[in-house]
Amino acid sequence: MAGVIPASMQRYFWDVAPEAVDLETHRRFVVERLLLHGDDAAVTWVRAHYGDAAVAAVVRESAELDGKTARFWQRMLDIPESEVRCLRAPFPLRPGAF
């Protein structure tokens, strides 16, 4: 294992066994969870551990972040809005598609 979640961050992983989460293998999951639910210390840890480039990559690719979180990090990390997946408009359904 490349690393496990620090004890101070384990409370944010209530639905999984924190010792089973590998910090590298499950990078996207860890970053998403801590950006969504973490406090200042958790966010500081994420940025220090993974770096802003890795955090920006998760913000760009994630469909799990809510709009407010995605918008905040899009602005904090100076990411063009068009590159943030969860901020793009969904495709409208064609009439009679179903």
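Here the structure is shown first, and the text comes after it.
Now for a description of the structure that goes with this document.

The rules behind these values
Residues numbered from 1 in each chain as written. Predicted model: local features only at pLDDT ≥ 70, side-chain atom pairs only at ≥ 80, totals over all residues. Heavy atoms only, no water. Helix = DSSP H or I, 4+ residues; strand = E, 2+ residues; numbered from the N terminus. Buried < 20%, exposed > 50% of the residue type's maximum accessible area, 1.4 Å probe, protein only. Areas by Shrake-Rupley, 256 points an atom, 1.4 Å probe, with all protein chains shown as cover. Lys, Arg positive; Asp, Glu negative; His and termini not counted. Charge placed at Lys NZ, Arg CZ, Asp CG, Glu CD. Phe/Tyr/Trp six-rings, centres within 6.5 Å; stacked < 30°, edge-to-face > 60°.

1. Comments concerning the overall build of the protein chain
Secondary structure summary: the protein chain contains four helices and zero strands in total. Start at the N end of the protein chain and walk to the C end: the helices and strands fall as α-α-α-α. When each of the 98 residues of the protein chain is scored for burial, the buried share is 36%. Working note: accessible area of the protein chain is about 6,300 Å², and carbon and sulfur atoms make up 55% of it. A distance of 7 Å separates the average location of the 12 positive side-chain charges in the protein chain from that of its 14 negative side-chain charges.

2. Looking at the side chain of serine 62
Structurally, serine 62 is set in the loop between helix H3 (52-61) and helix H4 (67-76). On the basis of relative accessibility, which here comes to 0%, the residue serine 62 falls in the buried class.

3. Structural notes on the packing of aromatic side chains
Across all of its chains, the model carries three aromatic pairs by this definition. Taken together, a centroid distance of 5.6 Å and an interplanar angle of 65 degrees make the contact between phenylalanine 13 and phenylalanine 29 edge-to-face. Taken as a pair, phenylalanine 13 in the segment before helix H1 (27-37) and phenylalanine 29 in helix H1 lie far apart in primary sequence, 16 residues in all. Residue phenylalanine 13 is classed as buried on the basis of its relative accessible area, which comes to 1%.

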